[in-house]
Structures are given as C-alpha cells and as structure tokens.
Amino acid sequence: RARAVSQVETAGPVTGVCCCRGSTASRDIPATRRGMLVAVASSDGGGSVRLLGLGAEGLCVLETVHIGTLVACVCLVSLVRDAGGESSSGAPSSTLSCSMGSHVLAGGFVDGSIRLWGLETDLTARDGVSIVRSAPCVLRHQHQNWVRAIDIAWDAGRQRMVMATASQDRYVRVWSLKEDEKGGSSGLDAYAPKPRLRLGARTVAVVCEGLLVGHEDWVHGARFHTSGRGSLTLLTSSMDRTMMLWRREGDCGAGEDGE
C-alpha cells in the first residue's frame, strides 16, 4: 500500500515531470535540503516549468520559469559529483568543466522548438536554496510537430554530452553539447551562429549531429542507456507500435541497430 505524503498544485494540466539528484549527502547541508530536484512542466500561464525541491519534508517550489509557449516534455540532468567522482549523467568529474551543483534543464515545446538552461544550485544557502539560471539556449522549429521526449547523457567515447529529441513529426534528432574550447565565436558564426549554453563559467555549443528516420508515426519516447564499456545506445518508442535501438556508427551520426 502507498499513500500521498506531499502535493503541489498547478494552475494547468501537468505535461511532463523529471527528477535528478540535487546534491551529495553532506553534513553541511540540512536534511530538508538534501535529496532531489524535480522539474514539472505545465500548461498554466501559456506554458511554464516549476523547479521543486524534494527533501525530508516533502515537495517545495523553488522557482517557476514562465515561458509563454506550451511545454510538452521536460528533462533535468544533474552534473553534481558523487563521492566516486561521477555525475548522475554518467560523466566523470575530470571531464566536467562545471561547478558543484550544476544542472541542465531542457524543455520540448508544441511549436517544435527546444530550450535549454544551465542551472547553478546552492543548497547550503542560509536563507534558502539558491538557483542561478542562465539565459535560455533556444533551438527554434527544429521539429515540425510537438517535441514529445528529451533525454541527455554522457558519450564517453567522444567525451561530451549528447541529447536526443523525439517528436510527433516521426523523427528523432541527436545533438552534441560540446564545450566551446575557444570560448567565443568563429568567423563562420557571423553567417551561421551555433546555439550556445552557459554552464557556470563555461560555454557549450549545441549542434545537431543526426536525424534518425525509421518510425512511421509519432515518436513519444527516447531514452539513452550506457553500457558497462561506456558505449551509448538510444531506445525510441512510437505510436507505430515499434521500439527501436540506435547506436552510433563511426563519427558521422547514429545508426539503427534493431527494433
């Protein structure tokens, strides 16, 4: 048997929810501030994402991001390092150029766009939990229909984060989130600027690396899996009653592995 122990109400239907680790367990952090961060997408106010804290005393609203465009799905990934030196996204601490408490928040929208934010969280703040949110990295009209699923993971083979976005347009896009080593724009950016996301003091470029074609109806699920050897597999599910596994072939993109 189970019972509800905490409740948060929204002014509109909830369209997506995702949670991840908020901090490592530390004696310096009050028990009520340990645990999880939760992102909740809802249709109230024309579209918004709430960031909740989940601790010993239940759920509490930390911040509300009002967007004005209906959110269809949400993804929240922690870059917080654990005692073993790894983050919940799978990236070893030596490869992360992010401070303790970093998170990536991503949302998929009904107009086919994607937005990403970098979050810096301070769970030890005396006056409450502090969240510093970067300006959004907006990927406009990347899909021709609702974006139904987003997942972000660490690609150990190429030492970078990757993102998958699945849509009702029947396609899945695979993105690379690679640290901008030069820390600025190249000459080509004047003609075709790369979308960039701020993560603390660092910047990552967000680049579409591949379009996965194979499903014949809405794609409403996408989830990465990392094997023991660090290889990355993407599982997608569709209204066409199929699920497909995808693995990258070489450095040119991802290829279908089976269904």
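For the structure itself, look to the data block above.
Structural notes, computed from the coordinates.

Calculation rules
- Residues numbered from 1 in each chain as written.
- Predicted model: local features only at pLDDT ≥ 70, side-chain atom pairs only at ≥ 80, totals over all residues.
- Heavy atoms only, no water.
- Pairing = 2+ DSSP bridges.
- Helix = DSSP H or I, 4+ residues; strand = E, 2+ residues; numbered from the N terminus.
- Core = buried A, V, L, I, M, F, W, Y, C linked by side-chain atoms within 4.5 Å.
- Buried < 20%, exposed > 50% of the residue type's maximum accessible area, 1.4 Å probe, protein only.
- Contact = heavy atoms within 4.5 Å.
- Axes fitted to C-alpha atoms, helices over the stretch in contact; angles between N-to-C directions.

The next subject is the pairing of strand β17 (residues 243-248). Summarising the sheet, strand β16 (residues 232-238) and β17 pair through five bridges and their orientation is antiparallel. Bridge pairing in β17 links leucine 235 to leucine 245. Here β16 folds back onto β17 in antiparallel fashion, the turn holding four residues, of which arginine 241 has a positive phi close to 70 degrees.

Our next topic: the nonpolar core. If you look at the biggest cluster of nonpolar residues, it comprises 22 residues, and the most contacted ones within it are Leu116 and Met163. No other element matches strand β10 (residues 147-155), which puts four residues into this core. When neighbours within four sequence positions are excluded, leucine 116 is seen to be in contact with Val104, Leu105, Ala106, Ala135, Pro136, Cys137, Leu139, Met163, Leu177 and Leu197.

Strand order in this open sheet of four strands is β1-β2-β3-β4, and the pairing throughout is antiparallel. Each edge of the sheet is formed by a strand with only one pairing partner; in this case those strands are β1 (14-21) and β4 (58-66). In this sheet, neighbouring strand axes are inclined to one another by 20 degrees on average, regardless of whether the strands run parallel or antiparallel.

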